[in-house]
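# Results of the structural survey
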Amino acid sequence: MKQIFIIAIASVFFKVPALANTYRVTDVIDGDTIKVTNLEKNSTQRVRLACIDAPEADQPQGKLSQITLASFIPIGSNIELNIVDMDKYGRSVAEVMINNVIVNQSMLKKGQAIVYQQYLDNCADATGYLAAEREAKQNKIGFWQDVSFVNPQDWRQGNRSVV
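From a predicted model like this one, the values you see are computed outputs, not experimental measurements.

All chains considered together, the criterion is met by five salt bridges. Of the charged contacts, one joins Asp-32 and Arg-48 as a salt bridge, the two residues approaching to 3.3 Å between their closest N and O atoms. Here Asp-32, found in the loop between strand 1 (21–30) and strand 2 (33–38), pairs with Arg-48, found in strand 3 (residues 43–49); they are 16 residues apart in sequence, far enough to count as distant. Take Asp-32 and Arg-48: they sit in the same class, and that class is buried. The structure contains a network of salt bridges with shared partners spanning Asp-32, Arg-48, Asp-53, Glu-56 and Arg-156.

What follows is about the environment of Gln-45. Within the element layout of this structure, Gln-45 appears in strand 3. Separated by 47 residues in the primary sequence, Gln-45 and Ser-92 place their C-alpha atoms 7.8 Å from one another. Contacts of Gln-45, omitting those with residues within four sequence positions, involve Tyr-23, Ile-34, Lys-35, Val-36, Ile-83 and Ser-92. Here the side chain of Gln-45 touches Ser-92 through a polar contact of 2.7 Å, side chain to side chain.

Parameters and conventions
Residues numbered from 1 in each chain as written. Predicted model: local features only at pLDDT ≥ 70, side-chain atom pairs only at ≥ 80, totals over all residues. Heavy atoms only, no water. Salt bridge = Lys/Arg side-chain N within 4 Å of Asp/Glu carboxyl O. Helix = DSSP H or I, 4+ residues; strand = E, 2+ residues; numbered from the N terminus. Buried < 20%, exposed > 50% of the residue type's maximum accessible area, 1.4 Å probe, protein only. Contact = heavy atoms within 4.5 Å. Polar contact = N/O pair within 3.5 Å; in protein donor to acceptor, adjacent residues only side chain to side chain.

Structure below.
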């Protein structure tokens, strides 16, 4: 009981993610959105990967980003989610883990997503996210080797200028 009280008090003063729950991947929508079934509640929901932004489906790099995410968490995989927020579309925003690997950071390391700066505070390991992106960018991994790459946020807003 004392441990529960300490955890409760700590969560008030420190950023502590929600406890991870087990989910099954039912669809990979794009490079930063998945559909899952909560195995405890037998309910389905869409999940936006926290702290990253991947190319849109209609962007030149969008399909490869989706395929890369699906390679990390294939349909039918059991994953854990640390839900950190809800977005304006009602999706859970979460850090996705499989086999103790944070998939969000793996997408950055493969050059298939960028750090979503305005939401970086939602993730406890902001430094790890920035380092993963920096390494991919410096080594021209994934879309970082494409001189015509457009930031996904700019793409959504209709600005097709190169990063």
